[in-house]
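# Summary of the model geometry
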Amino acid sequence: MPPYVNPVDPPDLGLLPTFVRLLRIWRTQWKMGVFGLSCSFGYTLISIAIPFLIQQAIDYSIDTTHHQHRKPLWPYLAAIAGLAALRFVINFNRRYATARIGVRIEARMRELLYQAYLGYPRAFFDRHATGQVLSRATNDLYPIRYFIGWGLVQGIQSVMMIVAATIVLVLVDARLALYTAVAMPPITVLALRFARRVSPISRQVQARKGDVTESADEAVVGIEMVQAFGREDDIRERFGEKAEGVRSTVLRQAGVEARHLPGLYYLPALSIAAVVFFGGRAVIGGQLTLGQFVLFETLLLQLVWPLEAIGWILDLAQRALASAGRSFAWLEGIEPLPEPERPRHLPEPPAPLGVRFERVAFAYGGEKDVLRDLDLVVEPGEIVAVCGPTGAGKTSLLNLLPRFYDPTEGRVLVGGVDTRDVPIAELRASVALVTQRPILFSVPLRENLTAGREDADWEEVLAACEAAGVDSFGANLPEGYDTLIGERGVNLSGGQRQRVALARALVTGARVVVLDDPLSAVDTFTERRLVARLRPALESRTVLVATQRLSTVEIADRAVVLEDGRIVESGSPSELLRAGGPFSTLFGDEVIAA
Amino acid sequence: MRRLGKYLEGRKLMAALMILVGGGNAAAQTGGWLLVRNAIDHGIVAGNEHHLAVVVAIYLVVAAAGWVLQAILIRGLATIGQAIVIGLRRDLFDHLTGLSLRYFSQQKAGWIIARLTSDVDAVSDTLSQGMPTLVSNVILLPTAVAALLIADWRLGLISFAVLPPALVLSRWFQRVSHAANIEQRNRIAAVTAQIAESVAGMAIVQAFNRERRFQAEFDELNDANRVQATYVQRIFSTFFPSIEFLGVLAMGIVLYFGAHLYQHGTLTIGTLITAIYLLQLVFQPLQELSDVYGQLQSAGAAMVKIASILDEEPEVRDRPGAKPLPRLAGDLDLDSLVFAYGKEPVLHGVSFRVPPGGCFALVGESGHGKSTLARLIGRHYDPDEGAVRVDGIDVRDVQLRSYRRQLGVVLQDPFLFSGTIASNIRFAKPDATDAEVAQAAAAVGVDRVAARLSGGLEHEVREGGAGLSAGERQLISIARALLADPRILVLDEATSNIDRPTEVLIERALDRLLKGRTSIIIAHRLSTVRRADEILVVEHGRIVQRGTEEELLAQEGQFRRLAHTLDGGEPELLAAG
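Residues numbered from 1 in each chain as written. Chains lettered and ligands numbered in written order. Predicted model: local features only at pLDDT ≥ 70, side-chain atom pairs only at ≥ 80, totals over all residues.

### Remarks on helix H6 (residues 141–180) of chain A
Every α-helical turn comprises 3.6 residues, leaving residues that sit three or four positions apart pointing alike. Compared with the 58 Å implied by 1.5 Å per residue over 40 residues, the 40 Å span of H6(A) between its first and last C-alpha is markedly short. Largest kink in H6(A): about 125 degrees, centred on A:Asp173. (Helix = DSSP H or I, 4+ residues; strand = E, 2+ residues; numbered from the N terminus. Expected span 1.5 Å × (residues − 1). Bend = angle between axes of the 7 residues up to and from the residue.)

Encoded structure:
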């Protein structure tokens, strides 16, 4: 069988393919999209109609220098009020509909990413930091949400508004329209330039804030060290530098804002001045009515926002496409661990399962081999301790069993079946794992214990707790076994966490148990008690236990020593101690010392 | 907010200046429209092109001045705001690092860090983004109202008819949107926490086939977040179009009454037209102020939490008139120490005295007071009764820092800071030369660890020392202690958790480190304890046995039972050895 190769860091998608995919997602919401666009169209028409009615009102019923007959004012005002009410309804619907599209698509993208994460192979998580994986499904989605939920429709509406207003202005007085549009192009340019400059700086501000967080985090976690050596001043200075970094970046951002925002605010004054001057002269000359003068003024002011918006939207589109390109690359470029094509099943329980590594080699993505030509047979029901110095490949060996990785050469058999031929869920249900750093979830202790088998009998859970030494503290927690664990609840010590992880593995009733240095953070006295209790609890299960401590080795029937990716020694612990080989080098002193 | 005032010290003049600048900016905006009125009435309607040209020129100058003033305002407010933020952040951090370990053991690390970061950021965002909006609009709103009244007081009063509903609407929006935004933040935080936990614990999620359960939990949270986000959008979609509607309504009212007044000849057409635009200057600040209201609320809430840290009194602090401690000979005297974390004492009168250069070991089961003793020696806590004396001086009578700088500590799980190996060794003595650092590294065998890593001593250590084994991190922390050249050393379980070959290296490093210093060793391993001049057995907060290894092994008692487990040897294995 060829080794399973899967790119875990595919290149980002280009702009066009990303845009096509975004449109495809947008299409799932097409009804709401079309509704939003129709509202935009209505909004534009009304927004042009209201100034037009004001012009009519001024020319025909207020300033009647050009007309002898004065029309009543109220019909105009009633029409304006009616249109304004209608516009309120339309505007509400447009905003709400488009925003909902954005919110839905954001939620959908997040769901797709999370679903994908759950299936990704371990190699993916080796390659990408938690923060990166997290932000791809949170912060990175906001530009997409705002672009789809606001930018697309707002952009189209802005164009409609610009076109409609231009037509009206040109129809009224083409030359005046040309003069008075003087401020419009610079507004667009300035808005676009501002968007381009401010978004990288605001990202920098975020990054600098991240530095402060890191520095604060370090100081708080390492406070004992800091105080013990009396180095508060240094750490304060370090923190001060990071805080200063935020300040200077925020001030640079303020500088960019100061160079652009007042311009956006005051540039329209140029157009107003042009209307007052040129329009005013036209009114004096009789080519323009006062109402038309007001119409010009109003429509030009109404154009400012759509023009600015185009600048913002162009920048937003760029960021949204970049971030969506990254997300789609992950969604499409990384495949979950493949299920076997022709699945075979493990022997039915309760038959204990043997484990066999056959000529196994393993390397992490293209690096040099961690395991080489390794053969190891663990008989059903046997407990084997895997010993060896740090970096010998113990963890890598154990990680092959639940198929966190597949061997690059050779094969791993459980119950006589190649692990790659067993449905993944079935394999993992049969292999219980305790990782080196215990991982518990922020749920009550009880749920942590039953995570591997939710329908476990509470008596069995308590028995596992006793074997793993959870009983010595579990019942004494504030709410006993219902106490919430983690940042929001009770923080357990490293040793306590390890014991919970151990109990959790025992509760599953899995026939193969993989323990990666399961008692390293437990003090030696407790460890001795646990080793004695664990032995019967592991009865009739096949166990691989990696450890650095002789006291944990004692739980095993047999110990193997791993060095440079190979097994160099194997035998019962007492034999090996006498043999004077690598095993006795690892542990010998510990005994001779007494 | 009063707390923030103190950071304004020395910038009061600038703050006052900014209020003036904000006033100028508001005057430029409203004044511009009054100039337009003048241009219509005395230029256009009067047919005076010259006057028209002059007024337009003045208008442009006023706009240019407004431009400059607004730019000054943005920069000035940012400078003031950031001065406040950095002052607050530093004070908070300084205060925090002075608090005792008890505080850090009671408060969760995440909670404390959130005060220093997200809460200060909330204050910062309000000061840097909210402040310009707040200051300019708070000034603009009354200025625009005043300008409208100046233009024509009757028209002004009439147009204010729509102000009450607008104010009621704004109030509603502020209240509802603030609550909705807080809930939104909670929900997105729940989603983020779920993703973070799954990603960090993916090995277990996958190994225990928990994918479907996690997906279901996520879907629920993600959906709740979506529902809340939609609700927030509905509030926004209601508010802003409503204000827009009220603006048109106000304009209609102005047109209606204005037309009447104009017909009666008591109002100029210029005033009527300008009033339409001035009205917009009243409504626009209303919207923007409603927008920053939520930010202000959050900043206020953040300040309350920040204040809770600032109000925390440091437990251990220098007495007034405490003197710096001269270089110690190293005589360490623990005199009848009694100490309790809560009500129950964990130490019941512990006394012993280590002569200069002496080495004592503390053994005993965990939770019987050994680490508490170490912390009293380090003056992380002060004893309830009794005293810790060095060279005969009570440590409470000297400057804390001058004492701690003569103290070295090696803990079970050595903490490494992000930076290089060299910078971690240098941590305790920042002015050490490269040669001194290299010497300390070589003395304890860190040079051999570094040789395997890219960059040697300049190898970048990731946060918390990930990527290095426990033994390697311990060697680095021993080099750190060696470089600090302390007079008194405390080793708290420095050799637990380490594989035997590395332990041999560490034992050797310790020999080097302990030479010529007073030391207290807390350990589980007999091989570590053996080097002590005297071994003290601690049980239930008391010293129950003391003597050399041979003496203690010869006695019937706690030590013999401990010695057996200290090495973790089964009887038959012992026999085999």
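More follows now that the structure is in view.
### Topic: the packing of helix H3 (residues 49–98) of chain B against helix H10 (residues 269–310) of chain B
Residue and element names in this part refer to chain B. Between H3 and H10, the shortest axis-to-axis distance is 9 Å and the interhelical angle comes to 40 degrees. As the angle between them shows, H3 and H10 are arranged oblique. Here H3 runs over H10; the crossing is left-handed. Contact residues: Leu92, His95 and Leu96 in H3; Ile306, Ile309 and Leu310 in H10. Its residues assigned to classes, the contact of H3 with H10 shows five nonpolar, one polar and no charged. (Axes fitted to C-alpha atoms, helices over the stretch in contact; angles between N-to-C directions. Parallel < 35°, antiparallel > 145°, perpendicular 65-115°, else oblique. Left-handed = near helix turned anticlockwise from the far one by under 90°. Contact = placed C-beta atoms within 7 Å. Nonpolar A, V, L, I, M, F, W, Y, C, P; charged D, E, K, R; others polar.)

### Points about the confidence of the model for chain B
All names here are of chain B. Across chain B, the average pLDDT comes to 85, with 95% of residues at 70 or higher. Note that residues 567–577 has pLDDT below 50 and, in this model, 27 contacts with residues that lie over four places away or in other chains. Taken together, the chains of this predicted complex give a pTM of 0.82 and an interface ipTM of 0.87. (pLDDT = per-residue confidence, 0-100.)

### Quick notes on the sheet that holds strand S12 (residues 542–547) of chain B
Residue and element names in this part refer to chain B. With mixed pairing, six strands are arranged side by side in an open sheet as S6-S9-S10-S3-S11-S12. For this open sheet the edge positions go to strand S6 (407–410) and S12, each flanked by a neighbour on one side alone. Strand-to-strand twist in this sheet, taken as the mean axis angle between neighbours without regard to direction, amounts to 20 degrees. Where helix H11 (residues 370–377) meets the sheet, its contacts fall on strand S3 (359–363), strand S9 (488–492), strand S10 (518–522) and strand S11 (534–539), and the angle it forms with S10 comes to roughly 155 degrees. (Pairing = 2+ DSSP bridges.)

### Section: the interface of chain B and chain A
Contacts between chain B and chain A engage 122 residues on the former and 122 residues on the latter. Of the residues contributing to the side of chain B that touches chain A, the split by class is 60 nonpolar, 38 polar and 24 charged.

### Some thoughts on unusual backbone geometry
Omega for the bond connecting A:Pro349 with A:Pro350 falls within 30 degrees of zero, at 5 degrees, which places this linkage in the cis form. The topology assignment puts A:Pro350 in the loop between helix H11 (290–333) and strand S1 (355–362). Backbone geometry places A:Arg359, a non-glycine residue, at a positive phi of 45 degrees. Residue position: A:Arg359 is located in strand S1. Positive phi is not limited to glycine here, since B:Arg379 has a value of about 50 degrees. The topology assignment puts B:Arg379 in the loop between H11 and strand S4 (385–390). Assessed through the 22 C-beta atoms surrounding it within 10 Å, B:Arg379 is described here as buried. (Buried ≥ 20, exposed ≤ 12 C-beta atoms within 10 Å, placed from the backbone.)

### So, the sheet that holds strand S10 (residues 566–571) of chain A
All names here are of chain A. The sheet built from six strands is open, its strands ordered S6-S7-S8-S3-S9-S10 with mixed pairing. At either end of the open sheet lies a strand with only one pairing partner, and these are strand S6 (431–434) and S10. Here the strands of the sheet are splayed against their neighbours by 20 degrees on average, with no regard to which way each runs. Pairing analysis gives four bridges linking strand S3 (residues 383–387) to strand S8 (residues 542–546), with the strands arranged parallel. Within S8, the position partnered with Val386 by the bridge is Ala546.

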